[in-house]
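Chains, contacts and geometry: an overview
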Amino acid sequence: MSRSSASSGSELLRAHCAAIAKEEAVLREGGGKAGHERQRKMNRLPVRERLSRLLDKESPFFEIGLWAAYKMYEQWGKIPAAGVVAGIGNVEGVPCMIIANDATVKAGAFFPQTTKKVIRAQRIAFECSLPIIYLVDSAGVFLPMQDEIFPDEDDFGRIFRNNSVISAAGIPQLAAIMGNCVAGGAYLPVLCDKILMTKGSGLYLAGPSLVKAAIGQVVDAEELGGAQMHAEISGTVDFFEKDDSSCLKRLRSLVGLLPEAEESKKSKTAKETFKPAKAPDTVYDLISFDGQRQYDTRDLLATVVDENSLDEYKADYGKTIVTAYARINGRPVGVVANQRLQVRTKKEGIQMGGVIYPDSADKAARFIMDCNQTSLPIIFFQDVTGFMVGRDAEQSGIIRSGAKLVNAVSNSVVPKITVVVGGSFGAGNYAMCGKAYDPRFIVAWPTARYAVMGAAQASDTVFAILARARERGDKKATHEELEELRIKVKQSYEEQTDIRYGAARGWVDAIIQPHETRDVLIRLLQYVTRPTPRAHFHTGVIQV
């Protein structure tokens, strides 16, 4: 590739990443100016202002599921971030998972992806032993879609089951009711350890209108489920707060009582700083927007891991996957990364970059076993087109080797973090620890693409199937109609491979800027290396 074309490719990539960042800024505005003004009229703060007051000053906030519901429910309007903000930040020095309804988006109602996002946040908190703070301000289930929200194992009821299990594991949960909390959603705060409620908020299984319709009783909102009633009569609320500011201040004070907060104060000493071999920004000169440029994954790793810390495992064997021990900001990790260079082996000859061959699958499986033996967290860097196919591959046992790798990933008990930097196609997604294989976190670059196979191959296959179906019909398709169908199929498939499509559906936790990969991993490693809770049967905190 010429220097000028490489330069233009780098500029295109930077422009795409900047466009993604700009879109994210819009998503963070939630319901926009009108929604924010409506909150203030009710003497309530917009959700991100609540977060800024709750979190420690200058505390980084790792947001999860910002792209949730992106373009998924357009018949109901825009649903930015699925109407709920979730992420990890420090409160009084303690890393906490924050789950906060955004009442500027459809009154904070739960859509299918809202539920899945909350469940994902709860799972991360459970696996990383993070205290959870819920800022509740929601109208409950979005009724027109209740059949997709209410009944299944990954639907609304699972949230309350998780509340109970998390409490039994001894992980603190604090809930602040700062607006509406109605119907089934009312169980969430009452299943938490501590409940705060602001004046003017409502907590009830059925609102005044439903009560009248159901039993004919006429009652006002405050008498039915207001903060003062729950503080003085039902005894449900532990702390009655006059407004948002008072409530958020109280939350910080309560988190400050946790033993971990005291430990955090004592450990605030200067720590040794580490740096990577290459500046993180150089990654833009390494990869291309279309994913076609070959690159040495070791150069990518040099922008992420500590300088002089990389010890490559079986460097001369199974070369299309790079396995290595390394350190990130001093923390030891194992790395499994797809090699995008074409390589030459003495046994197989030329092997294509990004493809998993039997030898690379065997090596990666063995490496994962070793990381589990020494309790090393594993970071996967995905840029994979899939497993090798064809007669030679089948005869060399590619299925057997692939199964070995999938088995090792499935049964791995050490924390796993996955970074999708390019393609994530077919069974390569599984073998390199895709979402179905329980990574504690899975993040992606704006260049990432998710699909069962590449757009060209898939669209040709789908087109052939549809074309044959048309040919079998009563009316034969013309050449022009078939060509129009081919274009339509390819466009649809390419839209689905865009990482924003996957992020909307929760296939990744966040889209991150390439040059921020090291900083993100430093934070995530702090979370995944916390002691994990050991569950044993008891009920946890039950309100009495």
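Residues numbered from 1 in each chain as written. Predicted model: local features only at pLDDT ≥ 70, side-chain atom pairs only at ≥ 80, totals over all residues. Heavy atoms only, no water.

**Notes on unusual backbone geometry**
Phi at Glu92 takes a positive value of approximately 55°, unusual for a residue other than glycine. With phi around 50°, Lys314 is a residue other than glycine that occupies positive phi space. Within the secondary structure layout, Lys314 lies in the loop between strand E9 (311-313) and strand E10 (321-328). (Helix = DSSP H or I, 4+ residues; strand = E, 2+ residues; numbered from the N terminus.)

**Structural notes on the packing of aromatic side chains**
With the rule as written, the count across this model stands at 15 aromatic pairs. Ring plane angle 75° and centroid distance 5.1 Å describe the contact between Trp76 and Phe142, whose orientation is recorded as edge-to-face. Here Phe142 lies in the loop between strand E4 (132-138) and helix H5 (156-168) and Trp76 lies in the loop between strand E1 (62-64) and strand E2 (84-91), a separation of 66 residues in the sequence. Here the aromatic rings of Tyr313 and Tyr325 are separated by 6.0 Å at their centres, their planes lie at 85°, and the arrangement is edge-to-face. Residue Tyr313 is found in strand E9, and its partner Tyr325 is found in strand E10; the two are separated by 12 residues along the sequence. With a relative accessible area of 14%, Tyr313 lands in the buried category. The partly exposed category is assigned to Tyr325, whose relative accessible area is 22%. A connected cluster of aromatic rings, assembled from ring pairs, spans Tyr73, Trp76, Phe111 and Phe142. Geometry around Tyr501 places Arg505 over its ring, the cationic atom sitting 3.5 Å from the centre. (Phe/Tyr/Trp six-rings, centres within 6.5 Å; stacked < 30°, edge-to-face > 60°. Buried < 20%, exposed > 50% of the residue type's maximum accessible area, 1.4 Å probe, protein only. Lys NZ or Arg CZ within 6 Å of the ring centre and 35° of its normal.)

**Digging into the pairing of strand E15 (residues 378-384)**
A large share of E15 lies buried, amounting to seven of its seven residues. Side chains Ile378, Phe380, Gln382 and Val384 of E15 all project onto a buried face; the interleaved residues Ile379, Phe381 and Asp383 project onto the opposite face, where all are buried too. Note: strand E11 (residues 331-338) against E15, four bridges, orientation parallel. Across the sheet, Gly334 pairs through a bridge with Ile378, a residue of E15. Where E15 meets strand E17 (residues 416-425), six bridges bridge the pair, whose relative direction is parallel. Its bridge partner lying in E17, Ile378 is registered against Lys416. (Pairing = 2+ DSSP bridges.)

**Some details on empty space enclosed by the protein**
Overall, the coordinates contain two cavities of 30 Å³ or more when judged by the stated rule. Lining the largest cavity we find 20 residues, and of these Asn101, Phe110, Val136, Ser138 and Leu188 sit closest to its centre. Broken down by secondary-structure element, the contributors of at least two residues to the lining of the largest cavity are strand E3 (94-101), E4, H5 and strand E5 (173-182). Looking at which element gives the most residues to the lining of the largest cavity, the answer is E4, with four residues. (1 Å grid on protein atoms, 1.4 Å probe; cavity = no way out; pocket = protein on both sides within 12 Å on 5 of 7 lines; lining within 4 Å. Points joined across faces, edges and corners; volume = space filled by probe spheres on them.)

**What to know about the side chain of His230**
Checked against the element boundaries, His230 lands in helix H9 (residues 227-234). Under the relative-accessibility criterion, His230 is labelled buried at 8%. Polar side-chain contacts of His230 include one of 2.8 Å to the backbone oxygen of Leu203. Sequence-distant contacts of His230, defined by excluding residues within four places in its chain, comprise Met197, Leu203, Gly225, Gly235, Thr236 and Val237. (Polar contact = N/O pair within 3.5 Å; in protein donor to acceptor, adjacent residues only side chain to side chain. Contact = heavy atoms within 4.5 Å.)

**Quick notes on the packing of helix H4 (residues 112-128) against H5**
It is the contact of H4 with H5, at a shortest axis distance of 9 Å, that shows an interaxial angle of 15°. Comparing the axis directions of H4 and H5 gives the class roughly parallel. The interaxial crossing formed by H4 with H5 has left-handed handedness. Contact residues: Thr115, Val118, Ile119, Gln122 and Phe126 in H4; Phe156, Arg158, Ile159, Asn162, Asn163, Val165 and Ile166 in H5. (Axes fitted to C-alpha atoms, helices over the stretch in contact; angles between N-to-C directions. Parallel < 35°, antiparallel > 145°, perpendicular 65-115°, else oblique. Left-handed = near helix turned anticlockwise from the far one by under 90°.)

**Section: the nonpolar core**
Ranked by size, the top nonpolar core spans 80 residues in total, and within it Met97, Leu300, Ile328, Ile379, Phe381 and Phe441 carry the most contacts. The dominant element in this core, judged by the number of residues it contributes, is helix H20 (residues 517-528), at seven residues. Those residues in contact with Leu300 that lie beyond four places of it in its chain are Leu286, Tyr295, Phe381, Val421 and Trp445. Core analysis: the next-biggest nonpolar cluster, separate from the first, contains 25 residues, Ile356, Ala361, Ala364 and Ala393 among them. (Core = buried A, V, L, I, M, F, W, Y, C linked by side-chain atoms within 4.5 Å.)

**Some points on H5**
Those residues of H5 not exposed but buried are Phe156, Ile159, Phe160, Asn162, Asn163, Ile166, Ser167 and Ala168. Tucked inside the fold, the buried residues of H5 contact H4, E4, E5 and helix H6 (187-190). Of the residues one or two after H5, Gly170 is the one with positive phi, at around 85°.

**Topic: the environment of Arg252**
With respect to the element layout, Arg252 can be found in helix H10 (residues 244-255). Through-space distance from the C-alpha of Arg252 to that of Phe367 is 43 Å; in sequence the pair is 115 residues apart. Here Arg252 is in contact with Arg53, Leu54, Leu55, Asp56, Val91 and Glu92, once residues within four sequence places are set aside.

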